[in-house]
Amino acid sequence: MARHGSDAVIVALALAAAATVATQTDRSSAAGWVALEASVVGLMILILLLRRRAPLLAPASTWLLSAALSFVDGSLIVGKAPVSIAGMFAAVLLGQLRDHRQARVGLAVVVVSAVTVVFNDPGHTLANLIFIPVLFAVGWLIGLVLHERTEQTQIAELRAAQAERDRATAERVAVAEERARMARELHDVVAHAVSVMVLQVGALRHRMPPEDIDRREALRNVEEAGRTALAEMRRLLDALRPDTDRPELAPQPGLDQLPALLGDVRAAGLDVHLEIRGDPVTLSPGLDLSAYRIVQEGLTNVLKHAHAQHAEVDLCYGPALLELEVRDDGCGPARSDGLGHGLIGIGERVKLYGGDLTAGPGPAGGYALHVRLPLEGRGRT
């Protein structure tokens, strides 16, 4: 829309300039000569329509033709408002050139052409000879400033787009790393359960009568399938574990180890209080581990980024939900780093068990992390 509007203005200036030349030219001149001058002046302005294909040549040609016409008729260009407006527009276009060398050439064309046009005017004065070229040079300077501002805006937009792409990439990497970490942590939990199943099936198979061939064979198939599943899980874990990551020999923690975790946090300089509401229930090993990691990550965020003096951890056991909340009196929001990987990791664990996560400024200030985990629900697929 802006492009067509500028083209329409150029056409209007060309028609107005031609009409001005035709009406203001000495009546003693031949009609054919007047028509030729008006046509040339209009064409000189219409050249600006080619400014996108020839960003230097088109506006420079407008000025060079003005200087050339002033040698034919010194009063042809001077005093024509449409021509002056077109000249200013051409000067601004030359100032907006991306190539700074071409822009400087454009400035020289504007100043020299303006001096030539004013000098060839029979009624010129010394003030006009100085003021008018300076005026058009200011127009060139305006174009240069507009170009610099546009360039800075484009650079800022590119940087913002790149930052957004980097953030999205970092989030994808963080999600992948957290899922790999969760897989490594849950491997022992699942492997233990499958191992127990395989041992029980094997023991049951050995106690069955030898003549019960069909059932013994079915149990043998179940046992072999379990062992195969364990082997495949081990291969998957090896693929997820980085080359520098060694298997953890210590058992995976759970909510029963929260007092030890809070002791470490207090030793780091943060006063933290634990409140447990409801009747504690036995959680599945995976859910117990994830709940512990969520609290651990929440407190780590407070230590690193919230600048808090006090934090509270609430555990609420309900009939069907386990609710976890970590609150602080800091300046929040508390994130594990500039890209919010801590919340990303927590979100992945919450998603695994079909829970809900809310995080934001607390009602009394500070920052609050609230997680709801179904006790019997299944994780989302």
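Residues numbered from 1 in each chain as written. Predicted model: local features only at pLDDT ≥ 70, side-chain atom pairs only at ≥ 80, totals over all residues. Heavy atoms only, no water.

### Concerning empty space enclosed by the protein
If a probe as big as a water molecule is rolled over the atoms, it shows which places are left empty. Tallying each qualifying case throughout the model produces one cavity of 30 Å³ or more. Approximately 60 Å³ is the volume found for the largest cavity. In this structure, the largest cavity is lined by 10 residues; those nearest its centre are Gly 298, Val 302, Val 326, Tyr 367 and Leu 369. Listed by contribution, the elements that provide at least two residues to the lining of the largest cavity are helix 9 (285-306), strand 3 (321-328) and strand 5 (367-374). Classifying every residue of the lining of the largest cavity by side-chain character gives seven nonpolar, two polar and one charged. (1 Å grid on protein atoms, 1.4 Å probe; cavity = no way out; pocket = protein on both sides within 12 Å on 5 of 7 lines; lining within 4 Å. Points joined across faces, edges and corners; volume = space filled by probe spheres on them. Helix = DSSP H or I, 4+ residues; strand = E, 2+ residues; numbered from the N terminus. Nonpolar A, V, L, I, M, F, W, Y, C, P; charged D, E, K, R; others polar.)

### Here we look at the pattern of salt bridges
For the structure on display, the rule yields nine salt bridges. The shortest N-O distance in the salt bridge between Arg 52 and Asp 7 comes to 3.5 Å. Of this pair, Arg 52 sits in the loop between helix 2 (31-46) and helix 3 (57-72) while Asp 7 sits in helix 1 (residues 2-24), and the two are 45 residues apart along the sequence. Residue classification places Arg 52 among the partly exposed positions, given a relative accessible area of 39%. Taking relative accessible area as the criterion, Asp 7 reaches 19% and is therefore assigned buried. (Salt bridge = Lys/Arg side-chain N within 4 Å of Asp/Glu carboxyl O. Buried < 20%, exposed > 50% of the residue type's maximum accessible area, 1.4 Å probe, protein only.)

### Observations concerning the pairing of strand 5
Taken across its eight residues, strand 5 has six buried, putting it largely inside the fold. Bridge analysis of strand 3 against strand 5 gives eight bridges, and the strand direction is antiparallel. Bridge pairing in strand 5 places Leu 324 opposite Val 371. Sheet analysis places strand 4 (residues 356-361) next to strand 5, joined by six bridges and oriented antiparallel. (Pairing = 2+ DSSP bridges.)

### Some thoughts on the sheet that holds strand 4
Spatially, the five strands line up as an open sheet ordered 1-2-3-5-4, and their pairing is mixed. Both edges of this open sheet fall to strand 1 (271-277) and strand 4, since each of them pairs with a single strand only. Between one strand axis and the next, the sheet turns through 10° on average, direction left out of account. Note: strand 2 (residues 310-317) against strand 3, seven bridges, orientation antiparallel. Note on strand 3: the bridge partner recorded for Asp 314 is Glu 325. Of the strands in this sheet, strand 1 and strand 2 are in contact with helix 8 (residues 258-267), which crosses strand 1 at around 160°. (Axes fitted to C-alpha atoms, helices over the stretch in contact; angles between N-to-C directions. Contact = heavy atoms within 4.5 Å.)

### Quick notes on helix 4 (residues 81-95)
Taking 1.5 Å per residue as the helical rise, helix 4 with its 15 residues ought to reach 21 Å, and the 21 Å between its terminal C-alpha atoms agrees with that figure. Of all the positions in helix 4, only Pro 82, Val 83, Ala 86, Gly 87, Ala 90, Ala 91, Val 92, Leu 93, Leu 94 and Gly 95 are classed as buried. (Expected span 1.5 Å × (residues − 1).)

### Quick word on the packing of aromatic side chains
Under the criterion given, the structure shown has one aromatic pair. Where Trp 63 meets Phe 136, the ring centres are 4.8 Å apart and the plane angle is 80°; that geometry is what we call edge-to-face. Of this pair, Trp 63 sits in helix 3 while Phe 136 is found in helix 6 (residues 126-207), placing the two residues 73 residues apart along the sequence. Of the two residues, Trp 63 and Phe 136, neither departs from the other in class, the shared state being buried. (Phe/Tyr/Trp six-rings, centres within 6.5 Å; stacked < 30°, edge-to-face > 60°.)

Purely spatial values, then, with no claim about function.
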